[in-house]
Amino acid sequence: MVATATHIGSIAIAMSRCRKRSSVSRPAKSETALGLVGLTRYLRRAGSRARRSGYCTGAPSDVAGVSLVRPVCGMENHIEETLRSAFHLDYPRYEIIFCAATNNDAAAPLVRRLIAAHPHVPARLLIGNETISDNPKLNNVCKGWRAAAYDWIVMADSNVLMPRDYIERLRAAWRADTGVVSSPPAGCRPQGFWAELECAFLNTYQLRWQYAAAAIGLGFAQGKSMLYRRSQIERAGGIRLLATEPAEDAATTKAVRDLGLRVRLVDAPFEQPLGYRSAREVWARQLRWAQLRQASFRQYYALEIFAGSLAPLTAAAYVVAALGLPVGSVLAVAAAWYGAEAALARAAGWHLSLRSPAAFILRDTLLPLLWIGGCLGRGFVWRGNEMRPLESRGAV
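Residues numbered from 1 in each chain as written. Predicted model: local features only at pLDDT ≥ 70, side-chain atom pairs only at ≥ 80, totals over all residues. Heavy atoms only, no water.

Enquirer: Teacher, can you tell me more about the packing of helix α7 (residues 193-215) against helix α14 (residues 356-376) here?
Expert: Any two packed helices are characterised by how steeply their axes cross, that is the angle between the axes, and by the distance between the axes. One way to put it is that α7 packs onto α14 with a least axis distance of 9 Å and a crossing angle of 75°. As far as their axial angle goes, α14 and α7 are roughly perpendicular. The segment α7 lies against α14, with Phe193, Trp194, Glu196, Leu197, Ala200, Phe201, Thr204 and Tyr205 engaging Ser356, Ala358, Ala359, Phe360, Leu362, Arg363, Leu366, Leu367 and Leu370. In terms of residue class, the contact of α7 with α14 is built from 13 nonpolar, two polar and two charged. (Axes fitted to C-alpha atoms, helices over the stretch in contact; angles between N-to-C directions. Helix = DSSP H or I, 4+ residues; strand = E, 2+ residues; numbered from the N terminus. Parallel < 35°, antiparallel > 145°, perpendicular 65-115°, else oblique. Contact = heavy atoms within 4.5 Å. Nonpolar A, V, L, I, M, F, W, Y, C, P; charged D, E, K, R; others polar.)

Here it is in structure tokens:
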């Protein structure tokens, strides 16, 4: 009963934050100029005019510039669409800095074509790799961080699909006590059942718990999209501060908390088109994330063993058998459990299909195995780089 009530409560929190958005976002009150409704509308109109007549150079002087730093590493599903989306944002002053570790990266020719096709948007591709950590992504983006022209910096993965109001929504979530604004990925456009399973992990499970945690003051950054003020990070120790944990989002979370600031999440997360996924890919990705969570947030990771429906439904079956209740009582609990998840996906506009209930059930069956794997993990290979979370050594 406690697990089910917590499950429903977390869904209610996520539903209040992640409802499907209209094409024009409603700006939130903030300390920045973008918190003003009139100015936001002006900027949107100015951005539209800029795309027709060239990049906007006459933006209001109090509109802060933003640097988008996007690392690339090989070709991914829908990568041309996701990278192109950065060139069509309704924001009057921003630049795009693509980062590749080597000149022969498979995505580099695509990036160059996109830059050439959008000359009105300041964009460049930086090549090189500076080893400041065991994290290949951080080693790749640090040159973009240093080359950024603006104080506001967004680190965004290459597989994030950016809506036109992407920057506005990130900045609208910023408050005086904010250290980073982040957005977990919402999986969309899955091809095949295993991609449906990844949607079940990303959306109604991981997204839901991140928004529920943020609602009680335990916000966690997620590396898909993170908005920083470089001056804040530089005062605290610079980008090398993000190398203190195996993953840059975990390091960001701890650094922000150490500064007495908060991690905030955007209203309605940004999408990640999944395309085709194999069972091996989904398992490897979820296991890697489990190992990283166990390494960086062990006290919270211990609670994950209670997540999912397996234990509550087993307990319900025991009670039904002990009290001689109809077997349909267990089915009613399961219907309420997964029906609430389906309602969240529908309200948020996330992927939902006839195969989603089966994906929900398989996900919850795998959760205990992933939890054990996270505890036993001794390392993994990520994009060709062998990584070994420091806290996982001798964890058991």
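Enquirer: Just to check I follow, could you spell out the packing of aromatic side chains for this structure?
Expert: Under the defined criterion, the tally for this structure stands at 10 aromatic pairs. With 5.5 Å between their ring centres and 80° between their planes, tryptophan 145 and tyrosine 228 make a pair best called edge-to-face. Taken together, the residues span a long stretch of sequence, with tryptophan 145 in helix α5 (residues 136-147) and tyrosine 228 in strand β7 (residues 225-229) at a distance of 83 residues. In this structure tryptophan 145 comes out as buried when scored by relative accessible area, which is 1%. Seen in terms of ring centroids, phenylalanine 193 and tryptophan 194 are 5.4 Å apart; in terms of plane orientation they differ by 70°. Their pairing is edge-to-face. (Phe/Tyr/Trp six-rings, centres within 6.5 Å; stacked < 30°, edge-to-face > 60°. Buried < 20%, exposed > 50% of the residue type's maximum accessible area, 1.4 Å probe, protein only.)

Enquirer: I'm lost on empty space enclosed by the protein in this one. Help?
Expert: One pass over the full model with this rule turns up three cavities of 30 Å³ or more. Around the largest cavity sit Phe201, Tyr205, Gln206, Gln286, Ala290, Arg293, Tyr301, Glu304, Leu367, Leu370 and Trp371, which together line it. Those elements that provide at least two residues to the lining of the largest cavity are α7, α10 (279-296) and α14. Taken together, the residues of the lining of the largest cavity sort by class into seven nonpolar, two polar and two charged. (1 Å grid on protein atoms, 1.4 Å probe; cavity = no way out; pocket = protein on both sides within 12 Å on 5 of 7 lines; lining within 4 Å. Points joined across faces, edges and corners; volume = space filled by probe spheres on them.)

Enquirer: Help me understand the pattern of salt bridges in this model?
Expert: In a structure, side chains of opposite charge can pair up when their charged atoms sit close to one another. Applying the stated criterion to the full structure yields 19 salt bridges. The shortest N-O distance in the salt bridge between glutamate 81 and arginine 189 comes to 2.9 Å. Remark: arginine 189 occurs in strand β6 (residues 186-191) and glutamate 81 occurs in helix α3 (residues 79-84); sequence separation between them is 108 residues. Measuring nitrogen to oxygen at the nearest pair gives 2.8 Å for the salt bridge that ties glutamate 304 to arginine 293. With glutamate 304 in the loop between α11 (298-301) and α12 (310-323) and arginine 293 in helix α10, this pair connects stretches of sequence that are 11 residues apart. In this structure glutamate 304 comes out as partly exposed when scored by relative accessible area, which is 22%. Connected through shared salt-bridge partners, Lys137, Asp157, Lys224 and Glu248 make up one network. (Salt bridge = Lys/Arg side-chain N within 4 Å of Asp/Glu carboxyl O.)

Enquirer: It is not clear to me how α10 should be interpreted in this structure. Could you clarify?
Expert: Side chains of residues three or four places apart in an α-helix project in the same direction, reflecting 3.6 residues per turn. Taking 1.5 Å per residue, 18 residues should reach 26 Å; α10 reaches 26 Å between its end C-alpha atoms and fits that length. Residues of α10 that are buried include every one of Val282, Arg285, Gln286, Leu287, Arg288, Trp289, Ala290, Gln291, Leu292, Gln294, Ala295 and Ser296, and no others. (Expected span 1.5 Å × (residues − 1).)

Enquirer: What am I meant to see in the environment of leucine 83 here?
Expert: For leucine 83, the location among the structural elements is in helix α3. The sequence separation of leucine 83 and leucine 161 amounts to 78 residues, and the corresponding C-alpha distance is 7.6 Å. If near-sequence neighbours (up to four positions away) are discounted, leucine 83 is found in contact with Arg70, Val72, Phe98, Leu110, Val111, Leu114 and Ser158.

Enquirer: When you look at the sheet that holds β7 in this model, what are you seeing that I'm missing?
Expert: Strands belonging to one sheet form pairs held by backbone hydrogen bonds; the direction of such a pair is parallel or antiparallel. Read across the sheet, seven strands follow the order β3-β2-β1-β4-β7-β5-β8 without closing on themselves; strand pairing throughout is mixed. Edge positions in the sheet fall to β3 (123-127) and β8 (262-265), since each has one partner strand and no second. Averaged over all pairs of adjacent strands, the angle between their axes in this sheet comes to 25°, without regard to strand direction. Running over the sheet, helix α4 (residues 108-117) touches β1 (66-72), β2 (94-100) and β3 and is turned about 155° from β3. Running over the sheet, helix α9 (residues 248-258) touches β5 (178-183), β7 and β8 and is turned about 40° from β7. (Pairing = 2+ DSSP bridges.)

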